Amino acid sequence: MKEGEIRRLLAANLLCVFSIVLTAVLPAFFWKGFTVLGTHLTWLCICSVCVSTLNIILHLVFRPNLTPKRSSFSHKISRFLKCCIYFFMSCILFHAIIVLYGAPLIESVTETFLFAVLLSTFTTLQCLCILGPNIQAWIRVFSKNGAMSIWESSLQITTMCSILGAWFGAFPIPLDWDRPWQVWPISCSLGATFGYMAGLIIAPLWIHWNRKQLTYKSR
C-alpha cells in the first residue's frame, strides 16, 4: 500500500470536510439571517449540492476506480443516467425508511425528503462515484473483508458513520427540552453530517494505522 495513495485520500476527505464547514459559514455573508438552525432546509439543500459537486469533481480528478478499458460515449451516457436513477431511488428508499422509523408521514414531507437527500449524498453518491451503478460491487464492498482498495475502505467507514450519526441524532427529539435543534429533522441531519465528517477524518487515519494488516486482493 503506497503512502501517496493514503495522502491523496486524506486530502480528498479533508476537502469534503472543509466544504461542509463552508456551507455553514459562507452563505451568512450573502444571505441575511442565514443560520444552520434557523434556515435549516436551505442549508440542507446547499450542503447536499456542494458535497455532491465536490465529490464528483474529486472522483474525476483522482479516479479511484479507474479501469484500463475505454468506454464509448453512449456507454458513459447510459452509466450517468443509471447513476441518476439510482440516486433518486436511494432518496425515495431513505425517505420510506425514515418514515418507518417514526418520521411524520403527511406532515413535514419536505423536511423528511431533504433529509433523505442529504443521507443519499453522504452514502449512495459515494458508492456511485467509487463503484458506479453496480449493485454486486456494492454488496461486495459492504460484506466482510470486501474492500479492494483504500477508497472502498473509506467508503465503508464514512457510510457507517453517516447512518450511525443520523440514528444517534434522533435520540434527543422526543425529550421535552424545547430546544430549537430538536425540531425535525435538525438533530438527525446534524448527526448524519457530524458522523460523515468524523468518518472522513477517521478513515485515512485508520487505514494508515492498519496499513500493514490491510491487503487488497482483486476478485
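In case you missed it, the structure is sitting above this.
Residues numbered from 1 in each chain as written. Predicted model: local features only at pLDDT ≥ 70, side-chain atom pairs only at ≥ 80, totals over all residues. Heavy atoms only, no water.

## Observations regarding empty space enclosed by the protein
Phase 1: For the structure on display, the rule yields 1 cavity of 30 Å³ or more.
Phase 2: By volume, the largest cavity amounts to about 220 Å³.
Phase 3: If you list the elements that add at least two residues to the lining of the largest cavity, you get helix H1 (3-25), helix H2 (40-62), helix H5 (124-131), helix H7 (150-169) and helix H8 (186-209).
Phase 4: When its residues are assigned to classes, the lining of the largest cavity shows 12 nonpolar, 6 polar and no charged. (1 Å grid on protein atoms, 1.4 Å probe; cavity = no way out; pocket = protein on both sides within 12 Å on 5 of 7 lines; lining within 4 Å. Points joined across faces, edges and corners; volume = space filled by probe spheres on them. Helix = DSSP H or I, 4+ residues; strand = E, 2+ residues; numbered from the N terminus. Nonpolar A, V, L, I, M, F, W, Y, C, P; charged D, E, K, R; others polar.)

## Some words on the layout of surface pockets
Phase 1: Taken as a whole, the second largest pocket encloses approximately 480 Å³ of empty space.
Phase 2: As for the second largest pocket, its lining consists of 16 residues, of which Ile98, Tyr101, Ala166, Trp167 and Ala170 are closest to the centre.
Phase 3: For the lining of the second largest pocket, the secondary-structure elements that each account for two or more residues are helix H3 (73-100), helix H4 (109-122) and H7.
Phase 4: Of the residues belonging to the lining of the second largest pocket, the class tally is 15 nonpolar, 1 polar and no charged.

## Quick look at H7
Phase 1: Between its terminal C-alpha atoms H7 stretches 28 Å, which fits the 28 Å expected from 20 residues at 1.5 Å a residue.
Phase 2: Burial analysis of H7 places 14 of its 20 residues in the buried class, which makes it a mostly covered element. (Expected span 1.5 Å × (residues − 1). Buried < 20%, exposed > 50% of the residue type's maximum accessible area, 1.4 Å probe, protein only.)

Taken by themselves, the reported measurements are silent on function.
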